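Chain and residue survey
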Amino acid sequence: MTTNPSPFSKFTTRWSNPNASTFPELPICITWLRLFLGLVCGLTLGLRDINGGFGLLTSLTILTFLPMVYVEIYLGANTYSYSNLTFAGVPNAMALVLLIWIGFYTEGHGEEERSLAAIVLEAAKVFAEEEVNGAVGEDVGIADIVDSDPQQIMESEF
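This report concerns the structure included in the present document. Computed from a prediction, not measured in an experiment: that's the story for all the values here.

Calculation criteria
- Residues numbered from 1 in each chain as written.
- Predicted model: local features only at pLDDT ≥ 70, side-chain atom pairs only at ≥ 80, totals over all residues.
- Heavy atoms only, no water.
- Helix = DSSP H or I, 4+ residues; strand = E, 2+ residues; numbered from the N terminus.
- Buried < 20%, exposed > 50% of the residue type's maximum accessible area, 1.4 Å probe, protein only.
- Contact = heavy atoms within 4.5 Å.
- Polar contact = N/O pair within 3.5 Å; in protein donor to acceptor, adjacent residues only side chain to side chain.
- Axes fitted to C-alpha atoms, helices over the stretch in contact; angles between N-to-C directions.
- Left-handed = near helix turned anticlockwise from the far one by under 90°.
- Nonpolar A, V, L, I, M, F, W, Y, C, P; charged D, E, K, R; others polar.
- Expected span 1.5 Å × (residues − 1).
- Arc of directions from axis to C-beta.

What follows concerns the environment of Pro-18. Turning to its location among the elements, Pro-18 is positioned in the loop between helix H1 (7-12) and helix H2 (26-47). Judged by its relative accessible area of 3%, Pro-18 falls in the buried class. Beyond its immediate chain neighbours, meaning those up to four positions away, Pro-18 contacts Phe-23, Leu-75, Gly-76, Ala-77, Asn-78 and Tyr-82.

This paragraph deals with the side chain of Thr-64. Tracing the backbone shows Thr-64 in helix H3 (residues 53-75). The exposure class of Thr-64 is buried, given its relative accessible area of 5%. Separated by 2.8 Å, the side chain of Thr-64 and the backbone oxygen of Leu-60 make a polar contact. Ignoring sequence-local partners within four residues, the contact set of Thr-64 consists of Arg-34, Thr-86, Phe-87 and Val-90.

What follows is about the packing of H3 against helix H4 (residues 90-107). When two helices pack together, their arrangement is given by the angle between the helix axes and by the axis-to-axis distance. One way to put it is that H3 packs onto H4 with a least axis distance of 10 Å and a crossing angle of 145°. Between H3 and H4 lies a crossing whose hand is right-handed. Contacts between H3 and H4 pair Gly-55, Leu-56, Ser-59, Leu-60, Leu-63 and Thr-64 from the former with Val-90, Ala-93, Met-94, Val-97, Leu-98 and Trp-101 from the latter. Tallied by class, the residues present in the contact of H3 with H4 amount to nine nonpolar, three polar and no charged.

We now examine unusual backbone geometry. Across the chain, the bulk of peptide bonds are trans and the bulk of non-glycine residues have phi less than zero. Positioned with a positive phi, Asp-49 is a non-glycine residue whose angle comes to about 60°. One can find Asp-49 in the loop between H2 and H3. On the accessibility criterion, Asp-49 (43% relative accessible area) is partly exposed. In this model, Asn-84 sits at a positive phi of 60°, which is unusual for a non-glycine residue. Mapped onto the secondary structure, Asn-84 falls in the loop between H3 and H4.

This part covers H4. The end-to-end C-alpha separation of H4 is 26 Å, in line with the 26 Å expected for 18 residues at 1.5 Å each. When H4 is considered as a whole, its buried residues turn out to be Val-90, Ala-93, Met-94, Val-97, Ile-100, Trp-101 and Tyr-105. End-on view of H4: buried residues confined to an arc of 135°, all on one side of the axis. Among the exposed residues of H4, those oriented more than 90 degrees off its buried face are Pro-91, Leu-99, Ile-102 and Glu-107.

Written as structure tokens, this is what we have:
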């Protein structure tokens, strides 16, 4: 009596040389690996307070190439027998990276979020008053609305 090995055991067996006929679940396993890596990348970027494109490009590189190195070197898979194995799950994993990164980054910058909300509410109030008074269309900038220093607004992280 022979039992079929589980997809996890196939995915962790070194030099198993899988192909599309012996291990058709490989793209699904790669997708789950990429989702796990996306979770780790998102947590790392969000908790370390990293902003900018460097984190995004680093995550994309990790999510795309690290699983393929695992498949090629550790498993020794015949990747040509699979269709689109290189990018299977990359968009989903990048979405997870961004979701977690933005969530943790925003949580760590509550004061900035509250000050932005106050500026937006004040601007909406002023524009609503101008609409009632018939002054819509005049050149009114954000510096005319907010009582803070205009240079501080222009020198934000964006």
